[in-house]
Amino acid sequence: MSDRSIETRLVYGFLDAGKTTYIRNCIRNDFFHKYGSTLILCFEQGEETYDPDAMREKRTSVAYYDENEDVGAFCISCIEKYRPDRIYVEMNAMLPELREQLPACMHVSFASAWIDWKTFPLYFVNFRPMIGRMAAASQQVTFRGCPSKELLAPYSQAFRLMNPKASYLRQDPMGYHEKAFDLFLPFSLEEEEITITKDRYLPFWLDALDHPEHYEGKTLCFPDPLELRRSDPNGPWSAGRVVMSCCMADLQFMGFELRMDPASPEGGWITFKAQAAIGQDTYGQKKLTLRPESVRPAPPPKYAILDGSRPSQNID
């Protein structure tokens, strides 16, 4: 059984966030059942349930996890019993290491997270690390039952820092879906010279990550100190800031590669002006690089860490 790879889709969310409804709709509205069978592994049970007759019509079986069981043994036992061609896993947010305990034969091809708007503001305050883990592990995050896009705007930066590559959707109470966040830029892209102060740094970094072409050929001024560092002694220098995306356990350096002699600076903090250009990362994807000029040493800022975890911009 361990040699057989089975397509697996993970569905994250707190209790009653909409996981069961989402999986049930996926099963009902696709034609996969004509070509294979599906197994739903439930690690959490809420108010919504799966109709056995409706699932049987779609060649789908449902198995419920007992918290006293070994996760890997439970999964293997269900796979041997039902011989599925595809698996949905209804995850449990209270079991943070659950994904790591799934057997190797379950090949995760997609992961999504569901967040219910009614409980979200309270959960964001009290369970932010759990929300951060779910968002970081998902390719798609959906805010269920949110009445308006404007209500989500204060959370845009926090979630995009948790996972810049995820797709974020808003599902209104009637079931309509749309993009959840529009990134607000506190400067004009029409200017040939753009000043990036500390309060502008995070939205600038997020936009440059998705759209490096916005800044190609422009002059960028950094009047507030950025930290100069490199990953290895002979590697390129990068300038940026350490950012807290969710909590102190999720600190990460968010910076830009500098096109200059690796042996020229000595590290530390700098202010500078730079010409922006397009480069490539190790995977061949476009990224923004900087050709610095007018580099000056600077004292470190009062707070070395930028806090991007709050539901509004509060920098330093």
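Right above here is the structure, for reference.
Just so it is clear, the model here is predicted, and its values are computed rather than measured.

**Q** Please explain the overall build of the chain as it appears in this structure.
**A** For the chain, the helix and strand inventory stands at eight helices and 15 strands. Counting all 316 residues of the chain, 46% fall into the buried class. Of all intrachain contacts in the chain linking residues separated by at least 6 positions in sequence, the fraction that spans at least 24 positions is 71%. Looking at the chain as shown, the accessible area adds up to about 16,100 Å², and 49% of this sits on carbon and sulfur atoms. Positive and negative side-chain charges of the chain, numbering 36 and 44 respectively, have mean locations separated by a distance of 2 Å.

**Q** Help me understand the pattern of salt bridges in this model?
**A** Any two side chains of opposite charge can pair, on the condition that their charged atoms come close. A complete count under the given rule lists 13 salt bridges for this structure. Between Asp30 and Arg86 there is a salt bridge, and its shortest N-O distance comes to 3.1 Å. Taken together, the residues Asp30 in the loop between α1 (19-29) and β2 (38-42) and Arg86 in strand β4 (residues 86-90) connect sequence positions 56 residues apart. The residues Asp30 and Arg86 share a single accessibility class, namely buried.

**Q** Where do I start with a negative patch on the surface in this structure?
**A** Taken together, the side chains of Asp66, Glu67, Glu69 and Asp70 present a region of like negative charge at the surface. Note that Asp66 resides in the loop between β3 (60-64) and α3 (71-82).

**Q** I keep staring at the packing of aromatic side chains and nothing clicks. Help me out?
**A** The description of an aromatic ring pair uses the distance of the two centres, along with the angle that the planes make with each other. This model, assessed by the stated rule, comprises 26 aromatic pairs. Ring centres of Tyr22 and Trp114 lie 5.2 Å apart, and the angle between their planes is 40°; on these two criteria the pair is classed as tilted. Linking Tyr22 in helix α1 with Trp114 in strand β5 (residues 106-116), this pair joins segments that are 92 residues apart in sequence. For the pair Tyr22 and Trp114, a shared accessibility class is recorded, and that class is buried. The ring of Phe32 has Arg86 lying over it, and the distance from NZ or CZ to the ring centre is 4.1 Å. Directly above the ring of Phe253 sits Arg229, whose terminal nitrogen or CZ lies 4.2 Å from the centroid.

**Q** Just to check I follow, could you spell out the sheet that holds strand β1 (residues 6-13) for this structure?
**A** Pairing between the strands of a sheet is mediated by backbone hydrogen bonds and can be parallel or antiparallel. Read from one edge to the other, the open sheet built from eight strands follows the order β3-β2-β4-β1-β5-β6-β7-β8, with strand pairing classed as mixed. Each of the sheet's edge strands pairs with one partner strand only, and the pair in question is β3 and β8 (177-179). Shown here is a sheet whose adjacent strand axes are inclined to one another by a mean of 25°, direction ignored. As defined by bridge partners, β2 adjoins β3 across five bridges and the pair is classed as parallel. Looking across to β3, one finds that Cys42 is bridged to Tyr64.

**Q** I tried to follow the pairing of strand β14 (residues 286-297) on my own but got confused; where do I start?
**A** On a regular strand, one side chain projects to one face of the sheet and the next to the other, so that they alternate. With two bridges connecting them, strand β12 (residues 251-258) and β14 associate as parallel partners. Residue pairing for β14: Leu258 is matched across the bridge by Leu290. Strand direction decides the pairing type here: strand β13 (residues 268-280) and β14, joined by 10 bridges, are antiparallel. Directly across from Ile278, in β14, lies its bridge partner Leu288. Hairpin connection from β13 to β14: five residues lie between these consecutive antiparallel strands, with Gly284 at a positive phi of about 80°.

**Q** Please clarify how the side chain of Thr8 should be interpreted in this entry.
**A** Along the chain, the position of Thr8 falls in strand β1. Separated by 3.0 Å, the side chain of Thr8 and the backbone oxygen of Ile6 make a polar contact. With residues up to four places along the chain from it excluded, the contact list for Thr8 reads Ile87, Val89, Met106, His107, Val108, Ser109 and Phe110.

**Q** Would you explain α1 in this entry?
**A** Taken together, the buried positions of α1 are Lys19, Thr20, Tyr22, Ile23, Arg24, Cys26 and Ile27. Buried residues belonging to α1 abut β1, β2, α2 (52-57), β3, β4 and β5.

**Q** Help me understand α3, please; the structure alone is not making it clear to me.
**A** Residues spaced three or four apart along an α-helix point in a common direction, a consequence of the helix completing one turn every 3.6 residues. Taking 1.5 Å per residue, 12 residues should reach 16 Å; α3 reaches 17 Å between its end C-alpha atoms and fits that length. Within α3, burial applies to Val71, Gly72, Phe74, Cys75, Cys78 and Ile79. Down the axis of α3, the smallest arc covering the buried residues is 165°, so these residues share one side. In this structure, the buried side of α3 is in contact with β1, β2, β3, β4, α4 (98-101) and β5. Backbone nitrogen of Gly72 and a side-chain oxygen of the N-cap are separated by 3.2 Å at the start of α3; the cap is Asp70. Positive phi appears at Arg83, one or two residues downstream of α3, with a value of about 50°.

**Q** Teacher, can you tell me more about the state of the cysteines here?
**A** Covalent bonding between the sulfur atoms of two cysteines defines a disulfide. Applying the stated rule across the entire model yields zero disulfides. Free of any disulfide, Cys26 has its nearest neighbouring cysteine sulfur in Cys42, separated by 13 Å.

About the criteria used
- Residues numbered from 1 in each chain as written.
- Predicted model: local features only at pLDDT ≥ 70, side-chain atom pairs only at ≥ 80, totals over all residues.
- Heavy atoms only, no water.
- Helix = DSSP H or I, 4+ residues; strand = E, 2+ residues; numbered from the N terminus.
- Buried < 20%, exposed > 50% of the residue type's maximum accessible area, 1.4 Å probe, protein only.
- Contact = heavy atoms within 4.5 Å.
- Areas by Shrake-Rupley, 256 points an atom, 1.4 Å probe, with all protein chains shown as cover.
- Lys, Arg positive; Asp, Glu negative; His and termini not counted.
- Charge placed at Lys NZ, Arg CZ, Asp CG, Glu CD.
- Salt bridge = Lys/Arg side-chain N within 4 Å of Asp/Glu carboxyl O.
- Patch = residues over 30% accessible without salt bridge, like charges linked within 9 Å, V, L, I, M, F, W, Y side chains within 5 Å.
- Phe/Tyr/Trp six-rings, centres within 6.5 Å; stacked < 30°, edge-to-face > 60°.
- Lys NZ or Arg CZ within 6 Å of the ring centre and 35° of its normal.
- Pairing = 2+ DSSP bridges.
- Axes fitted to C-alpha atoms, helices over the stretch in contact; angles between N-to-C directions.
- Polar contact = N/O pair within 3.5 Å; in protein donor to acceptor, adjacent residues only side chain to side chain.
- Expected span 1.5 Å × (residues − 1).
- Arc of directions from axis to C-beta.
- Disulfide = S-S within 2.5 Å.

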